Each structure stands twice: as C-alpha cells, then as structure tokens.
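Structural overview for review
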Amino acid sequence: MKNKIQIFNDEKSLNGMRNACKLAKSVLDYIDEYVKEGVTTLELNDLCHKFIIDNHAIPAPLNYNGFPKSICTSVNDVICHGIPSNYVLKSGDIINIDVTVILDGWYGDTSRMYKVGKCTKLAENLIEVTKRALYVGIDAVKPYGYFGDIGRAIQQYIDTTGYSIVRDYGGHGIGNYFHGEPFVAHYDTKLRGEQILPGMFFTIEPMINVGKFKTRLLKDEWTVVTIDKSLSAQFEHTLAVTENGIEILTE
C-alpha cells in the first residue's frame, strides 16, 4: 500500500487508467447475464477470470495478500470482500460483484449490485439509495476541494433515508498500484482531510446497511458482514481529477 498520495499529471498515466477502468467496467457488463438463480458465486468468479485473462489483463485480487479468488462476491448481509464459493444464488438475493483488473500495469477498480430473481422492496430501495449515495459523493469532488467533503455529502444524504454507512472500510488511492492513500471515508469525519488535487486517482465506494453500521470480520479473515445480519449494498467507481473537474473512469 502506498503511504503517500500519488499525483499522475501526464497524459500517458491518464490513458493507462482509462484503459484499465474501461476493461473493469466491461467485466461487470459481461457478467450481468450470468447473475441468476442456480448459479454459484464460484462460477461467476471463473467466468470473470477467463474474461479478464482473455483481454490480456490480470485479476488483481487473486493472491493479493492471500485472497484466493479473482473477484469479490458479497451476498445479502456481506458488506465486502466475499469469497466466491459453492453458494448457489437464489431468488431474492442481492449481490455485489467487485472487480479490479491490471492492464499494462494500471489498476481499474469498480463494483455494482445485481438482483437475483424477485427481490423485496427493501432490497430494491437499498440498492437505489446506495447507487445514489455513490453519485452524491462523486458530485462533492472538486479540484482543490477536500476529501472530507465526500463523506459529509454522503452522510447528509444517507441520514435522510434511515440507513447507515459503514465506517471501517472506504475508498482508496489507486493507479499503478492497488491500494494507497488517501483513505476515502464515506461518512462525515468532521475533518477537511487532504486536499483533492489534479492528477489524483481514487475510488469512491459507499457501503450502506439497512441496520447498524458496525461490521464483523469472519474467520476466513476476508469476508465482512453486518453485525445485525441486515442487508448491505455497495457501488464503486474509480475517478480521475483534472484541472477542469473529474472523470469517472469506470462509467
């Protein structure tokens, strides 16, 4: 993990990130038709793995700090970092698929929610609220603004919904590395934080729970679940900051 915020002010770096992020988005588009009843999360993993390799890229999560699979599949009360397994998707499930690819040394990172069969109104509303929270956070990003603005904006919105924001995990710097500074909080830390500067790449990826915001890490030391077994949802984009504004690289 990079412990200093990196600045990439050259066009070659921006184009490298554009290409990696475009591929990451393509993986999520590709897997959409396979997310249905009767499919295992391991099957989804294997399909994504092949798609990434076939496009001359590397699945960044595979063997990252010991993570055993190529994507993260987080179902229902799993907040993040769910490990693909023999779990069979059933009607009513909601699942976040989180993909990071390495293409020509650059990392593209994105995730989105999928509905399986017929979901409850609560699940559908949570997904819509979480997607909206992502864009509320993105709208708060301004060149020469501050990272604290992002979490403040998201919390102001989520406080109107009755849901809660996960605090233990957040967005991160990215580029020719997977994770680095800054930590992008999705709640109001009451701090301005670091200044947002042109040349920065980072993710915004709010995790929203129906119940309490507290988390629990399972024995596999990866899977993070809600402490009260309530549903959780997440959306993620990778952003580039330029002198003129921002570019959502994974959109």
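1. Regarding the sheet that holds strand 6 (residues 164-165)
Within the open sheet, the 3 strands sit side by side as 6-10-13. Their pairing is antiparallel. The sheet terminates laterally at strand 6 and strand 13 (232-234), the two strands that pair on one side only. Docked against the sheet, helix 3 (residues 121-139) engages strand 10 (207-209) and strand 13, running at close to 35° with respect to strand 13.

2. Considerations on the packing of aromatic side chains
Here the structure, examined in full by the defined rule, presents 9 aromatic pairs. Ring geometry for Tyr30 and Tyr34: centres 5.4 Å apart, planes at 50°, overall tilted. For Tyr30, a relative accessible area of 23% corresponds to the partly exposed category. Taken together, the aromatic side chains of Phe8, Trp106, Tyr177 and Phe201 make up a single cluster linked through ring pairs.

3. Topic: unusual backbone geometry
Of the consecutive residues Glu181 and Pro182, the connecting peptide bond is found in the cis state with omega at 5°. Tracing the sequence through the fold places Pro182 in strand 8 (residues 180-184). Phi is positive for Glu221, which is not a glycine, with a value near 65°. Take Glu221: it is sitting in the loop between strand 11 (215-217) and strand 12 (224-226).

4. Some points on the pairing of strand 9 (residues 201-204)
Side chains of strand 9 alternate between two faces, with Phe201 and Thr203 and Phe202 and Ile204 buried alike. Bridging between strand 9 and strand 14 (residues 237-242) involves 4 bridges; their strand directions are antiparallel. Bridging from a neighbouring strand, Thr203 pairs with Thr238 of strand 14.

5. What about the packing of helix 3 against helix 4 (residues 148-158)?
Where helix 3 contacts helix 4, the two axes come as close as 8 Å, and the packing angle between them is 145°. Relative to helix 4, the crossing made by helix 3 is right-handed. Side by side, helix 3 and helix 4 meet where Val129, Arg132, Ala133, Val136 and Gly137 of the first sit next to Ile150, Ala153, Ile154, Tyr157 and Ile158 of the second. When grouped by side-chain class, the residues that make up the contact of helix 3 with helix 4 number 8 nonpolar, 1 polar and 1 charged.

6. Structural notes on the pattern of salt bridges
Scanning the entire structure with this criterion turns up 10 salt bridges. Here the salt bridges do not stand alone but share partners, grouping Asp149, Arg152, Asp188 and Lys190 into one network.

7. Some details on the nonpolar core
Judged by nonpolar contacts, the single largest core of 37 residues is most densely connected at Val35, Leu44, Ile95, Ile97, Val99, Val101 and Phe201. Within the residue set of this core, elements represented by two or more residues are helix 1 (11-31), helix 2 (41-54), strand 4 (94-103) and strand 5 (106-115). In terms of residues, this core owes the most to one element, helix 1, which gives 9 residues. Excluding residues that lie within four positions of it along the chain, Ile97 makes contacts with Leu28, Ile31, Val35, Leu44, Ile71, Cys72, Thr73, Thr110, Ser111, Arg112 and Tyr114. Counting 32 residues, the second largest nonpolar core, distinct from the first, contains Ile127, Ala233, Phe235 and Leu239.

Calculation notes
Residues numbered from 1 in each chain as written. Predicted model: local features only at pLDDT ≥ 70, side-chain atom pairs only at ≥ 80, totals over all residues. Heavy atoms only, no water. Pairing = 2+ DSSP bridges. Helix = DSSP H or I, 4+ residues; strand = E, 2+ residues; numbered from the N terminus. Contact = heavy atoms within 4.5 Å. Axes fitted to C-alpha atoms, helices over the stretch in contact; angles between N-to-C directions. Phe/Tyr/Trp six-rings, centres within 6.5 Å; stacked < 30°, edge-to-face > 60°. Buried < 20%, exposed > 50% of the residue type's maximum accessible area, 1.4 Å probe, protein only. Left-handed = near helix turned anticlockwise from the far one by under 90°. Nonpolar A, V, L, I, M, F, W, Y, C, P; charged D, E, K, R; others polar. Salt bridge = Lys/Arg side-chain N within 4 Å of Asp/Glu carboxyl O. Core = buried A, V, L, I, M, F, W, Y, C linked by side-chain atoms within 4.5 Å.

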